[in-house]
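Read off the chains here:
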Amino acid sequence: MMPPLDADLLRSFVAVVDAGGFTRASERLNLTQSTVSQQIRKLEAAAGRQLLTRDRTGSGAQPTEPGELLLGYARRILALSAEVQEALRAPDAPRTVRLAVPEDFAGRRLIEILSAFAREAPQIRLDTISGWGADMRRRLEAGEVDLALVKREPGEGSSLAVWPERLLWIAGRTARIEAAPVPLAVFPPGCIYRARIIDALERQGRSWRIAYASQGLMGVQAAVASGLGISLLSEDALLPEHRRLTPRDGFDEPRPTELALVAQARRMPPAVRSVADFLTNVVGEVVLRRN
């Protein structure tokens, strides 16, 4: 039966592999080269396998096949050991949950959410980013965020919670709309609003042009108010400087979209679950509250 592998021996082994030899590894570990060599011999004796091949000088080294196998386990063991030490050293340190939110409410409404959650769960820190649907889905799949509030087509995939979102065709209060091509004020590609606008106009056989594009809601709202173009926005984005376009203006009532809370993993850590539960309870009141 192989004895337990000492973490210090594994640390020296990883250092030799990463440094490509004993000399640089000893410098990284602040140990003598002979000490590092001795630790590797002890590790090989415990493993019952040759783990490194030395070059002629004896200072350079490369992992053998068993060494490559051990390397992955060694990194995981050391990472877990460091995680345990950190948890024990600062058990009350804030846990960070990464949250992605739609660009068009990354301002005041997001601050309201962060403030309310900070009062309820000060031991958890929310690290937020904003973007559009396609980008946030990519971030979720890549594990870059834990949770995302995504605007999407109704029923598009699984979710922790969903809220319907009413859309409106919007123009400037005194703006005159060109018959063709219709000028548009839109968000970047990847936004469901932009896709909906273009699809609706093309279904009607109407030509269009991008008159203004912006990453942020305020930019699109201002462009519409100034008469640069029309847009399709959520009902709560309507400003006094705007007017709603109806079928009388040639714009049919748009189908609703939905705001969905989506998790990166089915099994969520307690901190992520706490954030998800909080959002499920407050989004209807805070995020979709009418201005």
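Definitions and limits used
Residues numbered from 1 in each chain as written. Predicted model: local features only at pLDDT ≥ 70, side-chain atom pairs only at ≥ 80, totals over all residues. Heavy atoms only, no water. Helix = DSSP H or I, 4+ residues; strand = E, 2+ residues; numbered from the N terminus. Buried < 20%, exposed > 50% of the residue type's maximum accessible area, 1.4 Å probe, protein only. Polar contact = N/O pair within 3.5 Å; in protein donor to acceptor, adjacent residues only side chain to side chain. Contact = heavy atoms within 4.5 Å. Expected span 1.5 Å × (residues − 1). 1 Å grid on protein atoms, 1.4 Å probe; cavity = no way out; pocket = protein on both sides within 12 Å on 5 of 7 lines; lining within 4 Å. Points joined across faces, edges and corners; volume = space filled by probe spheres on them. Nonpolar A, V, L, I, M, F, W, Y, C, P; charged D, E, K, R; others polar. Salt bridge = Lys/Arg side-chain N within 4 Å of Asp/Glu carboxyl O. Pairing = 2+ DSSP bridges. Axes fitted to C-alpha atoms, helices over the stretch in contact; angles between N-to-C directions. Core = buried A, V, L, I, M, F, W, Y, C linked by side-chain atoms within 4.5 Å. Patch = residues over 30% accessible without salt bridge, like charges linked within 9 Å, V, L, I, M, F, W, Y side chains within 5 Å. Areas by Shrake-Rupley, 256 points an atom, 1.4 Å probe, with all protein chains shown as cover. Phe/Tyr/Trp six-rings, centres within 6.5 Å; stacked < 30°, edge-to-face > 60°. Lys NZ or Arg CZ within 6 Å of the ring centre and 35° of its normal.

1. Considering the side chain of Gln221
(1) Moving on: Within the secondary structure layout, Gln221 lies in helix α8 (residues 217-225).
(2) Moving on: Overall, the relative accessible area of 9% leaves Gln221 in the buried class.
(3) Moving on: Polar contacts involving the side chain of Gln221 include one to the main-chain carbonyl oxygen of Ala237, which spans 2.8 Å.
(4) Moving on: Sequence-distant contacts of Gln221, that is, excluding residues within four places in its chain, are made with Leu233, Ala237, Leu239 and His242.

2. A short note on helix α3 (residues 33-47)
(1) Moving on: In a regular helix each residue adds 1.5 Å, so 15 residues correspond to 21 Å; α3 covers 21 Å between its end C-alpha atoms and thus fits that length.
(2) Moving on: Among all positions in α3, only Val36, Ser37, Gln39, Ile40, Leu43, Glu44 and Ala46 are buried.
(3) Moving on: Downstream of α3 by one or two residues, Gly48 has phi in the positive range, about 70°.

3. Let's talk about the layout of surface pockets
(1) Moving on: When its volume is computed, the largest pocket comes out at roughly 300 Å³.
(2) Moving on: Lining the largest pocket are 15 residues, and of these Leu140, Ser158, Ser159, Val262 and Ala263 sit closest to its centre.
(3) Moving on: Residue composition of the lining of the largest pocket, by class: 7 nonpolar, 3 polar and 5 charged.
(4) Moving on: The volume enclosed by the second largest pocket comes to roughly 260 Å³.
(5) Moving on: When the residues that make up the lining of the second largest pocket are grouped by side-chain class, the tally is 5 nonpolar, 1 polar and 6 charged.

4. Observations regarding the pattern of salt bridges
(1) Moving on: Applying the stated rule across the entire model yields 18 salt bridges.
(2) Moving on: With its nearest N and O atoms 3.4 Å apart, the salt bridge here joins Glu144 to Arg138.
(3) Moving on: When its relative accessible area of 39% is taken as the criterion, Arg138 is described as partly exposed.
(4) Moving on: Each of Asp135, Arg138, Arg139 and Glu144 takes part in salt bridges that share partners, so that together they form one network.

5. Structural notes on the sheet that holds strand β5 (residues 147-152)
(1) Moving on: With mixed pairing, the 5 strands of this open sheet are ordered in space as β4-β3-β5-β12-β6. Only two strands of the sheet have a single neighbouring strand rather than two, namely β4 (124-131) and β6 (161-165). The average angle at which neighbouring strand axes cross in this sheet is 20°, direction not considered.
(2) Moving on: As defined by bridge partners, strand β3 (residues 95-102) adjoins β5 across 2 bridges and the pair is classed as parallel. Looking at the pairing, Leu99 lines up with Leu147 of β5.
(3) Moving on: With respect to the sheet, helix α6 (residues 133-141) is in contact with β3, β4, β5 and β12 (257-263), its orientation differing from that of β5 by roughly 150°.

6. Focus on the nonpolar core
(1) Moving on: By size, the foremost hydrophobic cluster in this structure holds 26 residues, and its most contacted members are Trp169, Leu184, Phe187, Tyr193, Ile197, Ile230 and Leu233.
(2) Moving on: Secondary structure elements with two or more residues in this core: β7 (167-172), β8 (182-186), α7 (192-203), α8 and β10 (231-234).
(3) Moving on: Counting residues per element, this core draws most heavily on β7, which supplies 5 residues.
(4) Moving on: Sequence-distant contacts of Leu184, that is, excluding residues within four places in its chain, are made with Ile197, Leu201, Trp208, Arg209, Ile210, Ala211, Tyr212, Gly229 and Ile230.
(5) Moving on: Of all hydrophobic cores here, the second largest spans 24 residues; its members include Ile124, Trp163, Leu261 and Val283.

7. So, a nonpolar patch on the surface
(1) Moving on: On the surface, Leu69, Tyr73 and Ile77 cluster together into a nonpolar patch covering about 310 Å² of accessible area.
(2) Moving on: Its location among the elements puts Tyr73 in helix α4 (residues 65-89).

8. Some words on the packing of aromatic side chains
(1) Moving on: Taken as a whole, this structure holds 3 aromatic pairs when the rule is applied.
(2) Moving on: When the ring of Phe117 is compared with that of Phe278, the centres are 5.1 Å apart and the planes differ by 70°; the resulting orientation is edge-to-face. Pair noted here: Phe117 is in helix α5 (residues 108-120) and Phe278 is in helix α9 (residues 270-286), with a separation of 161 residues, a long-range link. The pair Phe117 / Phe278 is uniform in exposure class, with both members buried.
(3) Moving on: Each ring, one from Phe187 and one from Tyr193, has its centre 6.2 Å from the other, and the planes form 50°; the classification is tilted. In this pair, the class of Phe187 matches that of Tyr193, namely buried.
(4) Moving on: The ring of Phe251 carries the charged tip of Arg206 above its face, separated from the ring centre by 4.7 Å.

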